Amino acid sequence: MNGNLAALAELDGIAAAAAGSPRVDVAIAVPATLIAPAAARVPGLAIGAEDVHPADKGAHTGCISVGMVKEAGARFSIVGHSERRADCHESDADVKAKAEALHTGGLGAILCVGETLEERDAGRAEAVVTGQLAASLPDGAAASWLSIAYEPVWAIGTGRTPTAGDVAAMHGAIRRQLRSLIGAEADAVRILYGGSVTGDNAGDLLAAGDVDGALVGGASLTATKFVPIIAAGEALA
């Protein structure tokens, strides 16, 4: 819930950096009110939504459907973000239904999973994350339309990040779980890391094992902070 029409000027610098980084796919998920103007301003960037409702229409006041965001110009949506799971009490079943609705509607999905600090300290991090993945994974999951984002809840917006080794270990667990669920297709599914990614740490995080990209939070709000992350990805591609 950040941004307004004036803030879309930041997309110009991001789009220029994306155009100069051909080996990196850059996408921006914006509030629903900004999807149409963002898509019109930077047609070369993939613009997405922050969330969707699983139903295609109906009495769901205040919600927005896949068809609505698609019509506005979105190419994908995030689902299951930790803030949605916590603040809006979304279940794994809710997240799965949203991802399946995106696929049915012809849009991509970035499906988020992640553990809290309490779960990590209790030694349950891997079990929690792989459990979320198994219960949230949509039917027909395929690399052509689905990415997985690992976001340790305790690292989001706090400035704290796991070590590259911690990230590699969790991404490896996610990859193994995917293989058990969808077979060889799992090796093509992108697994993104999200949690206080900055220009300073992006290179190390993106170089960790089984990390195929980043789900960037606060650093995506300005071109000044986001462009170095794009550059880090291009340097490693």
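Draft legend 1. Structural context of the layout of surface pockets. Approximately 170 Å³ is the volume attributed to the second largest pocket. In terms of lining residues, the second largest pocket is bounded by 13 residues, among which Ser 82, Arg 85, Ala 86, Gly 114 and Gln 132 are the most central. Looking at the lining of the second largest pocket, the elements that each hand over two or more residues are helix H4 (82-87) and helix H7 (125-136). If you tally residues by element for the lining of the second largest pocket, the top one is H4, at three residues. For the lining of the second largest pocket, the class distribution of residues is three nonpolar, five polar and five charged.

Draft legend 2. How the structure looks around the pairing of strand E6 (residues 190-193). As paired elements, strand E5 (residues 146-150) and E6 share four bridges and run parallel to each other. Paired with Ile 148 across the bridge in E6 is Ile 191. Where the polypeptide runs from E5 across helix H8 (residues 164-182) and back to E6, its parallel neighbour, the crossover connection is right-handed. In this structure, E6 lies alongside strand E7 (residues 213-214), joined through two bridges in parallel fashion. Looking across to E7, one finds that Tyr 193 is bridged to Ala 214.

Draft legend 3. Inspection of the packing of H7 against H8 at higher detail. Where H7 contacts H8, the two axes come as close as 10 Å, and the packing angle between them is 35°. In this structure, H7 meets H8 at a crossing whose hand is right-handed. For the pair formed by H7 and H8, the contact residues are Ala 125, Glu 126, Val 129, Thr 130, Leu 133 and Ala 134 on the first element and Met 170, Ala 173, Ile 174, Arg 176, Gln 177, Leu 178 and Leu 181 on the second. A breakdown of the residues in the contact of H7 with H8 according to their chemical character gives nine nonpolar, two polar and two charged.

Draft legend 4. Region of the structure containing the nonpolar core. Ranked by internal contacts, the top residues of the largest apolar core, which has 62 residues, are Ile 14, Leu 45, Ile 148, Ile 174 and Leu 178. Other than its neighbours up to four places away in sequence, Leu 178 contacts Leu 133, Leu 137, Ile 148, Gly 183, Ala 186, Val 189 and Ile 191. Counting residues in hydrophobic clusters, the runner-up holds eight residues, among them Ala 46, Ile 78, Ala 149 and Leu 215.

The rules behind each value
- Residues numbered from 1 in each chain as written.
- Predicted model: local features only at pLDDT ≥ 70, side-chain atom pairs only at ≥ 80, totals over all residues.
- Heavy atoms only, no water.
- 1 Å grid on protein atoms, 1.4 Å probe; cavity = no way out; pocket = protein on both sides within 12 Å on 5 of 7 lines; lining within 4 Å.
- Points joined across faces, edges and corners; volume = space filled by probe spheres on them.
- Helix = DSSP H or I, 4+ residues; strand = E, 2+ residues; numbered from the N terminus.
- Nonpolar A, V, L, I, M, F, W, Y, C, P; charged D, E, K, R; others polar.
- Pairing = 2+ DSSP bridges.
- Right-handed = clockwise from strand over helix to strand, strands pointing away.
- Axes fitted to C-alpha atoms, helices over the stretch in contact; angles between N-to-C directions.
- Left-handed = near helix turned anticlockwise from the far one by under 90°.
- Contact = heavy atoms within 4.5 Å.
- Core = buried A, V, L, I, M, F, W, Y, C linked by side-chain atoms within 4.5 Å.
- Buried < 20%, exposed > 50% of the residue type's maximum accessible area, 1.4 Å probe, protein only.

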